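One-letter residues, chain by chain:
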Amino acid sequence: SRYYREVLPGEIVKISRHDIQTLDVVQRPAGDPSAFCIFEYVYFARPDSIFEGQMVYSVRRRCGQQLAIEAPVEADLVSTVPESATPAALGYAQKCGLPYVEVLCKNRYVGRTFIQPNMRLRQLGVAKKFGVLSDNFKGKRVVIIDDSIVRGNTISPIIKLLRESGAKEVHIRVASPPIRFPCYMGINIPTKEELIANRPEFHDLANYIGADSVVYLSVEGLVSSVQEYIKERRDNNPKTNKSFIGKLGHCTACLTGDYPVELEW
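Predicted model, so just to flag it, every value in this text is computed and none were measured. (Residues numbered from 1 in each chain as written. Predicted model: local features only at pLDDT ≥ 70, side-chain atom pairs only at ≥ 80, totals over all residues. Heavy atoms only, no water.)

A. Examining helix α5 (residues 155–164) more closely. Burial analysis of α5 places seven of its 10 residues in the buried class, which makes it a mostly covered element. The positive-phi residue at the C-terminal boundary of α5 is Gly 166, with phi of around 110°. (Buried < 20%, exposed > 50% of the residue type's maximum accessible area, 1.4 Å probe, protein only. Helix = DSSP H or I, 4+ residues; strand = E, 2+ residues; numbered from the N terminus.)

Right, here's the structure in full:
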């Protein structure tokens, strides 16, 4: 198989053994910007997926670079919780001029932790899920890049594990903004009350999860990381309809509460 092209928003495509035909494109209401889910880029999509002409892996690396601009820290090495945030960690390390070093390895014989029936079991599962590469970070200041912190349960035992294994400092940098609002467009994220960003602990999050510091990527930083290449490509393409760029849009509702459609109850 090979990549051919993306199906456009509202496009009805017929694929046969002979050819690919566009049967119809349902037009968006005039002046209504597109609202592609920005969390596809942050977390949901496979890194080799291509959306809007760009590879998800490249966007995640740019998020890491932007995070390094917004939230640098005095440290010895950059790492990640394997392996969804690896592209962002590599981008952060590259921009900071710090080495990227593995500090954890996945135990492939342990099942998924998020399906455990309660928080205590989830945390125990997390501790068993990773092996510690202590020779790589003993006595050193570590920056851990995560793609998102939703409840705050998962990262806490990992920080404890690193400290017990000899990390001098553990700084957390999150390559996306805090999730604060529910998604009504089909993603089952936890209730507003469960989200750590809405809880009192968020005001002293570093202390709550046991880190030396925690900083999230800004919403503006995420949006610019996602849109930078799309705008550049359209600006440099003489066939592009420049008026469309102003309508470029991504749904950030779970981060900002700004929903792309009116909610009807």
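B. Just the sheet that holds strand β6 (residues 77–80), in detail. The parallel open sheet is built from four strands, whose spatial order is β6-β9-β10-β11. Looking at which strands have only one partner, the edges of the open sheet turn out to be β6 and β11 (213–216). Averaged over all pairs of adjacent strands, the angle between their axes in this sheet comes to 25°, without regard to strand direction. Relative to β11, helix α2 (residues 56–70) is tilted by about 120°, and along the sheet it contacts β9 (141–146), β10 (169–174) and β11. Against the sheet, helix α3 (residues 86–96) contacts β6, β9 and β10, and its axis sits at roughly 170° relative to β6. (Pairing = 2+ DSSP bridges. Axes fitted to C-alpha atoms, helices over the stretch in contact; angles between N-to-C directions. Contact = heavy atoms within 4.5 Å.)

C. Main features of the pairing of β9. Most of β9 is tucked away: five of the six residues are buried. In terms of strand pairing, β6 meets β9 through four bridges, oriented parallel. Bridging across to β9, Leu 77 finds its partner in Val 142. Across six bridges, β9 lies against β10 in parallel orientation. Residue pairing for β10: Asp 146 is matched across the bridge by Val 174. The parallel pair β9 and β10, bridged by α5, forms a crossover whose chirality is right-handed. (Right-handed = clockwise from strand over helix to strand, strands pointing away.)

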